[in-house]
Amino acid sequence: MHYIEVEDLSFQYENEPVLENISFKVEPGDFVMLTGENGAAKTTLLRNILGLLKPSKGNVHLSAKNYLGEQLVVGYVSQQIASFNAGFPSTVLELVQSGRYQRGKWFKKLDKHDKEQIRRSLESVGMWDMRFKKIGELSGGQKQRISIARVFATDPDLFILDEPTTGMDVNSRKEFYQLLRHNSMEHNKGILMVTHDHEEIRHYANKHIELVRKEGSPWRCFSMDSCKELSKPHS
Amino acid sequence: MEMFFYGFMQRAFQASFLISLIAPILGLFLILQRQSLMADTLSHVSLAGVALGMLIGINPTWTNILVVIVVAVLLEVLRQIYHTYSEISIAILMSAGMAVALVLMGISDGGATLSMTQFLFGSIVTINEQQIWMLLFLMIIIVALYIIFRKPMYILTFDEDTAFTAGLPIRTMSILFNILTGITIAIIMPIVGALLVSAIIILPAAISLRLSKSFNGVILIGIVIAIIGMLSGLVTSYELGTPPGASITLTLMLIFSITTVVKRVFRL
């Protein structure tokens, strides 16, 4: 089964094509890194996959079910999420808790299991002690970490991450990649991550998609060569 | 003390208390969606609803509710069309609402113009028993909706993309919220006046936003601030014979100034 299936996708802003002939699949257990130069429409591709934008040609199929036959839960960290409004009235704990809502908790109280998941997520990014701080008082790196904690609290079947490690130090980044690899290998999660650190991540990911500029096109239009299989990461 | 023996003042206090429970909830969501001026737009459009009711001889509150529901939906449609410059929808409908109100007033006789002044500035004596019951019903609905939909609304106001990815019907939620705001404005406008209704909805939440770290905290502190501001503003209005909407707004502005200075001086 495939969590994401992109078939010959093209996308244009007004009449200007930015993506053409994109096709790939993300299966349960895949850790796919998506790279490309600045302005290569990586975020645009993710937004097409999520349904936030509509492809001008081709299809995107996001599975409705996970590999166990339950409803697929998607966790998304957008590029801008860490630059949230400094005045937003929320503590770190409230924001990370909100990650559990889409786990059937929109209208129910969070239970012991939810609270444990929230605690572990905050501890995994070293933010447990900051849980009562207002999110607007955090530094850029800390905001990034709680965005990650929020997505781990959701415990999604499919992670869609748009440059989630911006502003994080090398050690935090490595821990984060290890955690993602653990999730893909041990828990069969699907991961699609936009990144610039492809040298760092290639040791953790198992597939690599690179968006490259189309030659001969008058526009800044990007396509992909292929979806390269990387050497199997060690567990 | 004598004011408490008058029936119209008792109703004014009851109405103020009920508005205090509603205003911070709506105000917070409006501020977080960067739609603070939407209340202002809807209050201007409300005048067109009132003028229409007077012209065709129907209770203006009902025509008002009908008109604001239509405009609340239009606001969301325009917000989607002008996604990058969403405030354009506010500018368009505010001008259109005011223009329609003035034309309708021009068509009707002078009595409409006279009654319109009550809707523009608000008047304690205009509150009747039926309005109190409507307000009570509205308060129960808004508080219940807040309790039920607090979590989806938190995500929606935090980040629309995250809300969409989580499977929330963001467009429907926005339209329903606009409609609820419109109905609230239509009901409280005769009490506080069209010109100041948005200030009364926005100010308590704006003040408490600076005082609380948490989402629920903002609502609770906002309610306390609204109760203090509304009731003391009403007393001032009675004592000085000033318009209630303006008196309440100035009292809330005073609270805003005091909290800002205290926060600065004590670096809270």
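Computed from a predicted model, the values in this text were never measured in an experiment. (Residues numbered from 1 in each chain as written. Chains lettered and ligands numbered in written order. Predicted model: local features only at pLDDT ≥ 70, side-chain atom pairs only at ≥ 80, totals over all residues. Heavy atoms only, no water.)

Let's shift gears to the side chain of Thr-260 of chain B. Residues and elements named next belong to chain B. By the secondary structure assignment, Thr-260 is in helix H11 (residues 244-265). When its relative accessible area of 19% is taken as the criterion, Thr-260 is described as buried. A polar contact of 2.7 Å, which involves the side chain of Thr-260, links it to the backbone oxygen of Phe-256. (Helix = DSSP H or I, 4+ residues; strand = E, 2+ residues; numbered from the N terminus. Buried < 20%, exposed > 50% of the residue type's maximum accessible area, 1.4 Å probe, protein only. Polar contact = N/O pair within 3.5 Å; in protein donor to acceptor, adjacent residues only side chain to side chain.)

Before going further, it helps to examine the packing of aromatic side chains. For the coordinates displayed, the defined rule picks out 17 aromatic pairs over all chains. Judged by centre distance (6.4 Å) and plane angle (40 degrees), the ring pair of Tyr-6 of chain B and Tyr-238 of chain B falls under tilted. Placement of the pair is Tyr-6 of chain B in the segment before helix H1 (7-32) and Tyr-238 of chain B in helix H10 (residues 215-240), with a sequence separation of 232 residues. For Tyr-238 of chain B, a relative accessible area of 23% puts it in the partly exposed group. Between Phe-29 of chain B and Phe-177 of chain B, the aromatic rings sit 6.0 Å apart at their centres with planes inclined by 80 degrees, giving edge-to-face as the arrangement. Of this pair, Phe-29 of chain B sits in helix H1 while Phe-177 of chain B sits in helix H8 (residues 170-192), and the two are 148 residues apart along the sequence. Take Phe-29 of chain B: its relative accessible area is 4%, and that puts it in the buried class. Directly above the ring of Trp-128 of chain A sits Arg-131 of chain A, whose terminal nitrogen or CZ lies 4.0 Å from the centroid. (Phe/Tyr/Trp six-rings, centres within 6.5 Å; stacked < 30°, edge-to-face > 60°. Lys NZ or Arg CZ within 6 Å of the ring centre and 35° of its normal.)

Residue and element names in this part refer to chain A. Going through the model one piece at a time under the given rule, you end up with 13 salt bridges over all chains. One salt bridge in this structure joins Arg-103 and Asp-157, with 4.0 Å as the shortest N-O distance. A residue pair is termed long-range when its members are at least 10 positions apart, and Arg-103 in the loop between helix H2 (92-98) and helix H3 (112-124) and Asp-157 in the loop between helix H4 (140-154) and strand S6 (158-162) qualify at 54 residues. Overall, the relative accessible area of 26% leaves Arg-103 in the partly exposed class. Since its relative accessible area comes to 7%, Asp-157 is described here as buried. (Salt bridge = Lys/Arg side-chain N within 4 Å of Asp/Glu carboxyl O.)

Our next topic: the nonpolar core. Core analysis: the biggest nonpolar cluster contains 113 residues, and Leu-161, Phe-176, Leu-180 and Met-193 of chain A together with Leu-135 of chain B have the highest contact counts within it. Among the elements that take part in this core, H1 of chain B stands out by supplying 16 residues, more than any other. The contact partners of Leu-161 of chain A, leaving out residues within four places of it in the chain, are Leu-46, Val-77, Val-151, Phe-176, Leu-180, Ile-191, Leu-192, Met-193 and Val-194 of chain A. Grouped together as the second largest cluster of nonpolar side chains are 31 residues, Val-18, Leu-19, Leu-192 and Ile-209 of chain A included. (Core = buried A, V, L, I, M, F, W, Y, C linked by side-chain atoms within 4.5 Å. Contact = heavy atoms within 4.5 Å.)

A few words now on the interface of chain B and chain A. Contact with chain B, which involves 26 residues of that partner, is made by 30 residues of chain A. Interface area for chain B against chain A, summed over the two sides, is near 2400 Å², with a carbon-plus-sulfur share of 65%. Arg-47 of chain A is paired through a salt bridge with Asp-161 of chain B; the nearest N and O atoms lie 2.6 Å apart. The interface formed by chain B and chain A includes eight residue pairs in polar contact (both at pLDDT 80 or more). Among the elements that line the side of chain B that touches chain A, the one with the most residues is helix H6 (residues 129-158) of chain B, at nine residues. Partitioned by chemical class, the residues of the side of chain B that touches chain A number 14 nonpolar, six polar and six charged. (Buried area = accessible area lost by both parts, 1.4 Å probe. Nonpolar A, V, L, I, M, F, W, Y, C, P; charged D, E, K, R; others polar.)

Everything listed here is a matter of geometry and, on its own, says nothing about what the molecule does.
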